[in-house]
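Examination of the molecular architecture
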Amino acid sequence: MSAVWYELKHTCKQTGARYGILHTPHGDFETPIFMPVGTKATVKTLLPEEIEEVSDGLILANTYHLWLQPGDELIAKAGGVGKFMNWKHALLTDSGGFQVFSLSHIRKITEEGVEFRHHKSGEKLFLSPEKSIEIQNHLGADIMMSFDECPPYDADEAYLKQSVDRTIRWAKRGKDVHRFPQKQALFGIVQGGGNKNLRKYCLEELMKIGFDGYSIGGLSVGESKEEMYDMLAYLKTILPTNQPRYLMGVGSPDDLIIGSIHGIDMFDCVLPSRNARHGTAFTSYGKVQVKNSSLKEDFSPLDPECDCYVCKNFTKSYLNHLVKSEEILGMRLLTYHNLAFLKKIMAGIRQAIKEDRLLDFKNEFFKKFGYEK
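Quick look at the structure, then. (Residues numbered from 1 in each chain as written. Predicted model: local features only at pLDDT ≥ 70, side-chain atom pairs only at ≥ 80, totals over all residues. Heavy atoms only, no water.)

**Some details on the state of the cysteines**
Evaluated as defined, the whole model comprises zero disulfides. Note on Cys 202: no disulfide assigned, nearest cysteine sulfur contributed by Cys 150 at a separation of 12 Å. Overall, Cys 202 belongs to the buried group, its relative accessible area being 0%. Looking at the unpaired Cys 311, the closest cysteine sulfur is the one in Cys 306, lying at 3.8 Å. For Cys 311, a relative accessible area of 6% gives the class buried. (Disulfide = S-S within 2.5 Å. Buried < 20%, exposed > 50% of the residue type's maximum accessible area, 1.4 Å probe, protein only.)

Below, the structure written as structure tokens:
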């Protein structure tokens, strides 16, 4: 049996959304699940014990950044990224491909891999499918990603076809050198931009190779939400039902709910933590800009419906003071709250799926949060 497997427990009669269990070497997780992003072996500003409180126990680390610093071989000597960062639960690593294509503006794509420059130092680097898998084997996460090319969503069909074929070949090469398939699952990444025929072709070819789960890449990269949701609705009809489905890089409250309606099991995004560091909080009644002067003398909780540590112990006035003063504690508290808020949303989504009322949940949440305005 694979290192990771998916067990479908219930399908929402109202929407077709999936409630299931993701089994990993470091625990079993109810899905749909949101994974906080620990880019450099840390969810920025939070201790591991705090990450436990605001996550469901599965987080993401970034292959590209950890390869560059401190290095994957050093992390392997430490016993893997989990031991390195004192995280006792499950981890997922991306392939590094997205960072190569998004952070480096000077790059050369060949059949062998991608030659590019370090996003800070300018040093010349090279990443191939084999190298990506080698790095991820060293990092030791429960779930790994195939190295793929992430083309622009609106690229022309000729380029998309060339790109998808390359992603398929790279996926096969990566799987061929994967050293620990019994310890680390490997997902294929479905690419194809906005072209449904190419998405279907990519998925079918990846399924012939055989992976432990399937990720959807190349969405939320500049296309409209309507275009993204339309593609998810299509992919819902063709993705295998007995394996996990992971939508990469998506994590706003509306996208988590709509994504779940469209059959997604796993999500990740830097949005909640990045928003927090810039002073924006998610609440039951919409986003709050915490540095707004209107909150200076507001001694009520950030979210009266939230029972997280932050909302039980601090007022909007105090958080306003911290953010305006650029105190690190302000970033910490808002990061904690935003992740706790998304954890609560995911619990609500799962419960609504089990009770066959996810569409009702969506309508209630959208009205209260302000998405209908």
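**Here's the deal with the sheet that holds strand β2 (residues 18-24)**
Strand pairing in a sheet relies on backbone hydrogen bonds, with the paired strands running either antiparallel or parallel. Pairing is antiparallel across the open sheet formed by three strands, whose spatial order is β1-β2-β3. Unpaired on one side and paired on the other, β1 (5-11) and β3 (27-31) mark the two borders of the sheet. The average undirected angle you get between the axes of adjacent strands in this sheet is 20 degrees. Examined bridge by bridge, β2 and β3 share five bridges and lie antiparallel to one another. (Pairing = 2+ DSSP bridges. Helix = DSSP H or I, 4+ residues; strand = E, 2+ residues; numbered from the N terminus. Axes fitted to C-alpha atoms, helices over the stretch in contact; angles between N-to-C directions.)

**Quick word on the pattern of salt bridges**
Under the criterion given, the structure shown has 22 salt bridges. The salt bridge involving Lys 225 is made with Asp 255; its shortest N-O contact spans 2.9 Å. Taken together, the residues Lys 225 in helix α9 (residues 225-236) and Asp 255 in helix α10 (residues 253-261) connect sequence positions 30 residues apart. Asp 255 gets classed as buried once you look at its relative accessible area, which sits at 6%. Bridged by salt links that share partners, the residues Glu 30, Asp 56, Arg 350 and Lys 354 form one connected network. (Salt bridge = Lys/Arg side-chain N within 4 Å of Asp/Glu carboxyl O.)

**Observations regarding the environment of Glu 53**
Here Glu 53 is to be found in helix α1 (residues 48-54). As a C-alpha pair, Glu 53 and Tyr 336 span 283 residues in sequence and 8.7 Å in three-dimensional space. Sequence-distant contacts of Glu 53, defined by excluding residues within four places in its chain, comprise Tyr 336 and Lys 343. (Contact = heavy atoms within 4.5 Å.)

**A short note on the pairing of strand β15 (residues 280-283)**
If a strand is regular, its side chains alternate between the two faces of the sheet. Burial along β15 is two-sided: Thr 280 and Phe 282 facing one way and Ala 281 and Thr 283 facing the other are all buried. As defined by bridge partners, β15 adjoins strand β16 (residues 286-289) across four bridges and the pair is classed as antiparallel. Its bridge partner lying in β16, Thr 283 is registered against Gly 286. The loop that links β15 with its antiparallel partner β16 comprises two residues.

**Side note on unusual backbone geometry**
Most of the time, phi is negative for any residue but glycine, and the peptide bond is trans. Omega for the bond connecting Thr 31 with Pro 32 falls within 30 degrees of zero, at 5 degrees, which places this linkage in the cis form. With respect to the helices and strands, the residue Pro 32 is situated in the loop between β3 and β4 (33-36). The omega torsion across Gln 69 and Pro 70 is 5 degrees, close enough to zero to call that bond cis. Residue position: Pro 70 is located in the loop between α2 (63-68) and α3 (72-77). The phi angle at Thr 45 is positive, at roughly 85 degrees, despite the residue not being glycine. Assignment of secondary structure puts Thr 45 in the loop between β4 and α1. By relative accessible area, which is 26% here, Thr 45 ends up partly exposed. The phi dihedral of Glu 326 falls on the positive side, at around 55 degrees, and the residue is not glycine. Of note, Glu 326 is situated in the loop between α13 (316-324) and α14 (328-354). Residue Glu 326 is classed as exposed on the basis of its relative accessible area, which comes to 67%.

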